[in-house]
Amino acid sequence: MSQGAGGSGSLLLLAGLLSALGPSPTSSIHVYTQREVYGTVGSHVTLSCSFWSSEWISEDISITWHFQAEGSRDSTSIFHYAKGQPYIDDVGSFKERMEWVGNPHRKDGSIVIHNLDYTDNGTFTCDVKNPPDIVGKSSQVTLYVFEKVPTRYGVVLGSIIGGALLLVAVVVALVYLIRYCWLRRQAALQRRLSAMEKGKLQRSAKDASKRSRQAPVLYAMLDHSRGTKPVSEKKAKGAPGDSRKDKK
Amino acid sequence: MLLLLLGIIVLHVTVLVLLFVSTIVSQWLVNGGHTADLWQNCTSGSVFHCLTSSTNEWLQSVQAMMILSIIFSVLSLFLFFCQLFTLTKGGRFYVTGIFQILAGLCVMSAAAIFTVRHTDWHQASEDTSYGFAYILAWLAFPLALASGIVYVILRKRE
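Residues numbered from 1 in each chain as written. Chains lettered and ligands numbered in written order. Predicted model: local features only at pLDDT ≥ 70, side-chain atom pairs only at ≥ 80, totals over all residues. Heavy atoms only, no water.

**Quick word on the overall build of chain A**
Condition: Counting from the N terminus, the helices are DSSP H or I runs at least four residues long and the strands are E runs at least two residues long. Whether a residue is buried, partly exposed or exposed follows from its accessible area with a 1.4 Å probe, protein chains only, as a fraction of its type maximum: under 20%, in between, or over 50%, in that order. Whether two residues touch is decided by their heavy atoms; if any such pair falls within 4.5 Å, the residues are in contact. Each accessible area is a Shrake-Rupley result for a 1.4 Å probe, and residues are judged covered by the shown protein chains and nothing else.
Of the regular secondary structure elements, chain A holds 5 helices and 12 strands. Out of the 248 residues belonging to chain A, those deemed buried represent 27%. Of all intrachain contacts in chain A linking residues separated by at least 6 positions in sequence, the fraction that spans at least 24 positions is 57%. Surface accessibility of chain A: about 17,000 Å² in total, with carbon and sulfur atoms responsible for 59%.

So this is what it looks like as structure tokens:
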């Protein structure tokens, strides 16, 4: 009985130990780069490479960059970092154009290529190994070198539409503002008119009809307030327009 | 009065339909089994597949102008109904007319830019001809202009 208890106890201990250990994370190294990078001739471009390792970053870490030119089938090694020392290509096509800006302890393995040329079109591969964590996929970034960087699709489209709508909105707002100020001034004028006597009113109505040549709004307002007198003026002014809309 | 109103609305809706069809349908340039328009180039024949058009700036400006013309025309229709009920007696449909005229001008500039610059993104061969969507766009221009002018000279009754 005690043996059985002891056996089951040790089994329990083993089970507990195993459950504490695993599901152990897939211990591989993950490397991340951009997919595509665009650069203009003569400028510089940063090829960024970051990685994630489940192990502590040791001094044995190694970072390598390979380059495969567009249309070619071989891949040459252009950069190597090992034992805390960066080794930059000084005999190949990137001679004196490459710069190491990475920091392995910050999990960054980026390089900068200056003075781009059309021969730099191709695929760059970043590979990081952090012993004992060495299993993992490397990551690739494709470099495109242009004469000038093409604007993204939709910039011109959006700016034309946005600009036109904005312009129209501004003009409409201005027109309504001006009309609002004009209407306020006419309302004040009307108030002054109605405060005077009827005789004086008839004289000022004649003046107002002269003003109505340039002020159609005033004509409309007098039409509302007065019954008989401005109808003749309305007929005289509105005759050409009314003849068009006569058949109803 | 009702007949006139109906006629004006039918004209406006016709302009709108022309604008929509010419913007959306893929028939601006026709080349044998190959059709190209503002948004995609399609090849019919044994295999039917479509590719998006190039990202040329002039093509984008043509697209923008067509979209703007549709926006202005729809806005003009909406404003017409607004002004029908809110305008004082004897007033004119200025805002409606101006937007419709703007729509017409946009269509004209879009078609003109397309005519001048379509060789930038589409190699012209001998049997490339203009499709019916292109013709509809040119048709929409005078109709939109006429519709806008009718709105401007129209006066509201009762």
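Resuming the write-up.
**Overview of the packing of helix H3 (residues 94-117) of chain B against helix H4 (residues 132-153) of chain B**
Helix-helix packing: each pair is described by the crossing angle between the helix axes and the interaxial distance. Residue and element names in this part refer to chain B. Applied cut-off: Lines are fitted to the C-alpha atoms to define the axes, a helix being fitted only along its stretch in contact, and any angle between axes, read from their N-to-C directions, falls within 0 to 180 degrees. Throughout this description, any angle smaller than 35 degrees is read as roughly parallel, any larger than 145 degrees as roughly antiparallel, any in the 65 to 115 degree range as roughly perpendicular, and the remainder as oblique. By convention, the crossing between two helices is left-handed when the near helix turns anticlockwise from the far helix through less than a right angle, and right-handed when the turn is clockwise. Note on residue classes: Ala, Val, Leu, Ile, Met, Phe, Trp, Tyr, Cys and Pro are nonpolar, Asp, Glu, Lys and Arg are charged, and everything else, Gly too, is polar.
H4 packs onto H3 with a crossing angle of 160° between their chain directions and a minimal axis gap of 8 Å. Our classification of the angle between H3 and H4 gives roughly antiparallel. The element H3 and its partner H4 pack so that their crossing is left-handed. When H3 is examined against H4, the residues Tyr94, Thr96, Gly97, Gln100, Ile101, Gly104, Val107, Met108, Ala111, Ala112, Phe114 and Thr115 are found in contact with a partner set consisting of Tyr134, Ala137, Trp138, Ala140, Phe141, Ala144, Leu145, Ser147, Gly148, Ile149, Tyr151 and Val152. Looking at the contact of H3 with H4, its residues break down into 17 nonpolar, 7 polar and no charged.

**With respect to H4 of chain B**
Note the threshold: Expected span of a helix: the number of residues minus one, times 1.5 Å.
Taking 1.5 Å of rise per residue, 22 residues should cover 32 Å, and H4 of chain B covers 32 Å from first to last C-alpha, within 8% of that figure. Of the positions making up H4 of chain B, those classed as buried are Ala133, Tyr134, Leu136, Ala137, Ala140, Phe141, Ala144, Ser147, Gly148 and Tyr151 of chain B.

**Some details on the pairing of strand S7 (residues 85-88) of chain A**
As a general feature of sheets, a regular strand has side chains that alternate between the two faces. What counts is decided by this rule: Strand pairing is defined by DSSP finding a minimum of two bridges between the two strands.
Here strand S6 (residues 76-82) of chain A pairs with S7 of chain A via 4 bridges, running antiparallel. Across the sheet, residue His80 of chain A finds its bridge partner in S7 of chain A, namely Tyr87 of chain A.

**Digging into the packing of helix H2 (residues 57-86) of chain B against H3 of chain B**
Residues and elements named next belong to chain B. Put simply, H2 and H3 touch, their axes get as near as 8 Å, and they point 165° apart. Put simply, H2 runs roughly antiparallel to H3. Crossing geometry of H2 relative to H3 is assigned as left-handed. In terms of residue class, the contact of H2 with H3 is made up of 19 nonpolar, 8 polar and 1 charged.

**Concerning the side chain of Ser58 of chain A**
All names here are of chain A. This is how it is decided: As used in this structure description, the phrase polar contact means that two N or O atoms lie within 3.5 Å; if the pair is within protein, one of them must be able to donate a hydrogen and the other to accept it, and residues adjacent in sequence are counted only when both atoms belong to side chains.
As for its position among the elements, Ser58 is in the loop between strand S4 (49-52) and strand S5 (62-69). A distance of 3.3 Å separates the side chain of Ser58 from the backbone nitrogen of Asp60, its partner in a polar contact. Beyond its immediate sequence surroundings of up to four residues, Ser58 is in contact with Asn130 and Pro131.

**Side note on the UniProt feature "transmembrane region" (unreviewed entry) in chain A**
Stated precisely, the cut-off is as follows: UniProt positions are given in the numbering used here, feature names are shortened, and annotations may be inferred rather than shown by experiment.
UniProt records the feature "transmembrane region" (unreviewed entry) at residues 153-182 of chain A, using the numbering of this structure. Secondary structure across residues 153-182 of chain A comprises 93% helix and 0% strand; the distance between its end C-alpha atoms is 45 Å.

**Focus: the confidence of the model for chain A**
Selection rule: Each residue carries a pLDDT value, the predictor's own confidence for that position, ranging from 0 to 100.
The pLDDT averaged across chain A works out to 77; a share of 70% of its residues lies at or above 70. Counting contacts from residues 225-248 of chain A, a segment whose pLDDT is below 50, to residues more than four positions away or on other chains yields 23 contacts.

**Looking at the interface of chain A and chain B**
Quick reminder of the rule: By buried area we mean how much accessible surface two parts lose on assembly, using a 1.4 Å probe and totalling the loss over both. Here a salt bridge means any side-chain nitrogen of Lys or Arg lying within 4 Å of a carboxyl oxygen belonging to Asp or Glu.
Tallying the contact residues gives 21 residues for chain A and 21 residues for chain B. Regarding the contact of chain A and chain B, the summed buried area is about 1,900 Å², with carbon and sulfur atoms giving 67% of it. Across the chain A-chain B interface, the total number found is 0 salt bridges. Connecting chain A to chain B are 3 residue pairs in polar contact (both at pLDDT 80 or more). For the side of chain A that touches chain B, the elements supplying multiple residues, two or more each, are helix H2 (155-195) and helix H5 (229-244) of chain A. The biggest single contributor to the side of chain A that touches chain B is H2 of chain A, with 10 residues. Classifying every residue of the side of chain A that touches chain B by side-chain character gives 11 nonpolar, 3 polar and 7 charged.

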